[in-house]
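Observations on the three-dimensional arrangement
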Amino acid sequence: MEEMRIIDVEMDTENFEKIVEVRYKTLRQPLGMEYQTAYNNKDEGSIHLACVKWDPQKQEEQVIGVVSMHPLNKNEIQLFQMASLVPKKGIGRLLWESFEKKARKMGYTTVIAHARCVALDFYIKLGFTVFGEQFTEVGIPHRNVSYEL
């Protein structure tokens, strides 16, 4: 895969709309959900990261992966809506490494997430701990996961 890099993305920018498109294509559309559901009520006040790569045909950078982080309190930050247009190519790990570095730098000690059960192995490989009972979110099974920074 071509060289990828992680960028910070501000709301009300073209790249934020590209983040929403990736979320929709990977997380919402497969569940038959409307486009608007790719926006999250936590988007405001959150930090958004995108994995981008150069597209020679379009002559521009393309957003191919996304993750957002939302502060919960002075110690905990929530990871939400991690998604990749190209699965199994290291994009999720690259996003996680950038997320982890940024969260540490900001002084957080714990990351929590609602992980889709189909993605639990990914989170476990990254070092997350699964806790609590299975629950349903957006119509599919999830588990709580945490990571100590």
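Since this is a predicted model, take the numbers as computed values, not measurements.

Observations regarding the pairing of strand E5 (residues 110-116)
- Counting buried residues in E5 gives six out of seven residues, a clear majority hidden from the surface.
- Note: strand E4 (residues 76-84) against E5, four bridges, orientation parallel. Within E5, the position partnered with leucine 79 by the bridge is alanine 113.
- Sheet topology note: the E5/strand E7 (residues 140-148) ladder contains seven bridges and is antiparallel. Across the sheet, the residue bridging to alanine 113 is valine 145, located in E7.

Some remarks on the environment of leucine 31
- With respect to the helices, strands and loops of the structure, leucine 31 is situated in the loop between helix H1 (14-28) and strand E2 (47-55).
- Given a relative accessible area of 33%, leucine 31 falls into the partly exposed group.
- The residues touching leucine 31, leaving out its near neighbours within four places in the chain, are Arg116, Val138 and Ile140.

Considering the packing of aromatic side chains
- For the structure on display, the rule yields eight aromatic pairs.
- An angle of 80 degrees between the planes, with centres 5.3 Å apart, marks the rings of phenylalanine 122 and tyrosine 123 as edge-to-face.
- Phenylalanine 122 sits in the partly exposed class, given a relative accessible area of 28%.
- Residue classification places tyrosine 123 among the buried residues on the basis of a relative accessible area of 7%.
- Cluster of aromatic residues (ring-pair linked, three or more members): Trp96, Phe99, Phe122, Tyr123, Phe128 and Tyr147.
- Residue placement shows lysine 42 over the ring face of phenylalanine 80; its charged tip is 5.2 Å from the ring centre.

A closer look at the nonpolar core
- Grouped together as the largest cluster of nonpolar side chains are 23 residues, with contacts concentrated most on Leu79, Trp96, Phe99, Val111 and Phe128.
- When contributions to this core are tallied by element, the ones reaching two or more residues are E2, strand E3 (60-71), E4, helix H2 (91-105), E5, helix H3 (120-126) and E7.
- Broken down by element, this core gets its largest block of residues, five residues, from H2.
- Membership of the second largest hydrophobic core comes to 14 residues, among which are Ala50, Val52, Val63 and Val66.

Rules used throughout
- Residues numbered from 1 in each chain as written.
- Predicted model: local features only at pLDDT ≥ 70, side-chain atom pairs only at ≥ 80, totals over all residues.
- Heavy atoms only, no water.
- Buried < 20%, exposed > 50% of the residue type's maximum accessible area, 1.4 Å probe, protein only.
- Helix = DSSP H or I, 4+ residues; strand = E, 2+ residues; numbered from the N terminus.
- Pairing = 2+ DSSP bridges.
- Contact = heavy atoms within 4.5 Å.
- Phe/Tyr/Trp six-rings, centres within 6.5 Å; stacked < 30°, edge-to-face > 60°.
- Lys NZ or Arg CZ within 6 Å of the ring centre and 35° of its normal.
- Core = buried A, V, L, I, M, F, W, Y, C linked by side-chain atoms within 4.5 Å.

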